[in-house]
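Fold and geometry: a report
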Amino acid sequence: MDSTRMMLQSPAVAIVGRHNSGKTTLVEKIIAELTARGLDVGSVKHHGHSGFDIDIPGKDSWRHRQAGATEVVISSPGQIATIRTFDGEAECNEIVHRMPGHDLVVVEGYRKSGLPTIEVMRAGNPHDEQVAETFLAAARAGEPLTEDFVQAARAARLGAPEEAPAPGSAVHPGKMPTSATVAVATDIPAAIEAAQLYDIPSFDLNDTQELCDFLQERFTRHRVSVVIQAGGESSRMGRSKATVPFCGRPLIMRLVERLSPVADELIITTNEPENLEFLHSVYPERGIRLVRDVRDERGALPGMLTAFQAATFPFVAVVACDMVFASPRLVSAEAFELCQTRADVVVPVNKHGFEPMHAVYRRKTCLDAVEKMLEQGEKRVQSFYPLVKVCEFPQKRVLDAEPRGRCFVNVNTPEELRAMEHAILHGSDDD
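Rules of the game
- Residues numbered from 1 in each chain as written.
- Predicted model: local features only at pLDDT ≥ 70, side-chain atom pairs only at ≥ 80, totals over all residues.
- Heavy atoms only, no water.
- Phe/Tyr/Trp six-rings, centres within 6.5 Å; stacked < 30°, edge-to-face > 60°.
- Helix = DSSP H or I, 4+ residues; strand = E, 2+ residues; numbered from the N terminus.
- Buried < 20%, exposed > 50% of the residue type's maximum accessible area, 1.4 Å probe, protein only.
- Patch = residues over 30% accessible without salt bridge, like charges linked within 9 Å, V, L, I, M, F, W, Y side chains within 5 Å.
- Areas by Shrake-Rupley, 256 points an atom, 1.4 Å probe, with all protein chains shown as cover.
- Salt bridge = Lys/Arg side-chain N within 4 Å of Asp/Glu carboxyl O.
- Lys, Arg positive; Asp, Glu negative; His and termini not counted.
- Charge placed at Lys NZ, Arg CZ, Asp CG, Glu CD.
- Pairing = 2+ DSSP bridges.
- Axes fitted to C-alpha atoms, helices over the stretch in contact; angles between N-to-C directions.
- Parallel < 35°, antiparallel > 145°, perpendicular 65-115°, else oblique.
- Left-handed = near helix turned anticlockwise from the far one by under 90°.
- Contact = heavy atoms within 4.5 Å.
- Nonpolar A, V, L, I, M, F, W, Y, C, P; charged D, E, K, R; others polar.

**Here's the deal with the packing of aromatic side chains**
Taken as a whole and assessed by the stated rule, the structure comprises seven aromatic pairs. Here phenylalanine 203 and phenylalanine 214 contribute two aromatic rings whose centre-to-centre distance is 5.3 Å and whose plane-to-plane angle is 45°, an arrangement assigned as tilted. Residue phenylalanine 203 is located in strand β9 (residues 202-203), and its partner phenylalanine 214 is located in helix α7 (residues 208-218); the two are separated by eleven residues in the primary sequence. Comparing phenylalanine 203 with phenylalanine 214 shows no difference in burial state: the two are buried. Ring centres 5.2 Å apart and planes at 90° place the aromatic pair phenylalanine 384 and tyrosine 385 in the edge-to-face group. Each residue in the set Phe308, Phe354, Tyr361, Phe384 and Tyr385 is aromatic and connected to the rest through ring pairs, giving one cluster.

Written out as structure tokens, the structure is:
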């Protein structure tokens, strides 16, 4: 794996089911198919008993590796295969957090992890068929897909309705579909009908390609075009901010180096591309694209139009070139949130309001919205926000990604630039 991707948070999905449902076989097929599509896949295997063996031919972990997973983690009560020792059992979210840089982590088991889950039910397995009937009965009765209903349905099926929990009471969720279930992989007609009633997609156990299409669209890491907006001459700076000397080099070089690790494509928008041509020789391996502003007019919104038109990938991170502490980790966290929430914009928000120049956007919907607002004469970035789905990224989440919280600091005048440079060079504000 490219070391520059190690700061990228990995999305994850859990494949869950009962004993002998065929989970491991399905996980193998998913890993092999997604790997064949050029994706980087990690996997986590939940082992239900204390103690396990690793990399023994025929064992599940060995089968995951043979299928093509680039990283395999096996967890059980008391141990995790890196190997680390725990009191109790490792949390799945912690395991996935320690597996950055993958396009997707496929987790086998960990039903109660909080991850989106794909429920596996196989015909011929009595436990699966029983669950499918309970699932269908609840669906036909219009019960909500929550942890409580499965317990009530199970108690009623066993002829002991008095054991059904009161609504909202704490219950053991059991090995049943829940509100975390995002899809069902099955060949049981009752489970297919129940999934349809709950408006949950269902996939044939043998149709791995269709299931992987779903995973790739909904859960794999989306490629990100990082756009550094360099503009041109700044009236307050007295010259172009991109080429102003900062710590002995043009400021734009600092931004390129900070943001490259999270850029599947790196674009610099400017009205003076000829002055930034030197970046191609300094960073030949990074394939930097210099794009001239499409409109010869000032304003942040026209700059957004250039960014969205130039971007190749569906997610676009836009960062101003004067943000000297621009954070690749924040960009990664914002892109992950955009995928999870299916929003059009993930924008940091603090006591000063939105920070639109360190945000991630969904290219297609935002491009359409920007064009509409430009036609109305708008120049402000936030003018198009009411036309799209905006997900606010609060200050706490920003600090989780970038604990020092300096990512929105920008420099507008020579005095601010020199003060920031002095602080960095003399260690009073460690970089």
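**Points about a negative patch on the surface**
Among the surface-exposed residues, Glu129, Glu133, Asp187, Asp204 and Glu210 lie close enough to one another that they form a single negatively charged patch. Within the fold, aspartate 187 resides in the loop between β8 (181-186) and α6 (189-197). Owing to a relative accessible area of 35%, aspartate 187 belongs among the partly exposed residues under this scheme.

**Here's the deal with the pairing of strand β20 (residues 358-362)**
Counted residue by residue, β20 has four buried out of five residues, so it is predominantly covered. Pairing between strand β17 (residues 315-320) and β20: five bridges, direction antiparallel. When the bridges of β20 are listed, valine 319 appears paired with histidine 358. Relative to β20, strand β18 (residues 345-350) runs antiparallel, the two being bridged by two bridges. In the sheet register, valine 346 faces β20, and the bridge partner there is valine 360.

**Describing the pattern of salt bridges**
The final tally for this structure, using the stated rule, is 24 salt bridges. The closest approach of N and O atoms between glutamate 33 and arginine 37, which form a salt bridge, is 2.8 Å. Its relative accessible area of 18% is what places glutamate 33 among the buried residues. For arginine 98, the salt bridge goes to glutamate 94, with nearest N and O atoms at 3.5 Å. When salt bridges with common partners are traced through the structure, they connect Arg18, Arg111, Glu119 and Asp128 into a single cluster.

**A look at the packing of helix α4 (residues 126-140) against α6**
Across the interface, α4 lies against α6 with an axial gap of 8 Å and an inter-helix angle of 30°. Relative to α6, the element α4 is oriented roughly parallel. You can see that α4 and α6 cross each other, and the crossing is left-handed. Contacts between α4 and α6 pair Ala132, Glu133, Phe135, Leu136, Ala139 and Arg140 from the former with Ala190, Ala191, Glu193, Ala194, Ala195 and Leu197 from the latter. Class assignment of the residues belonging to the contact of α4 with α6 gives a composition of nine nonpolar, no polar and three charged.

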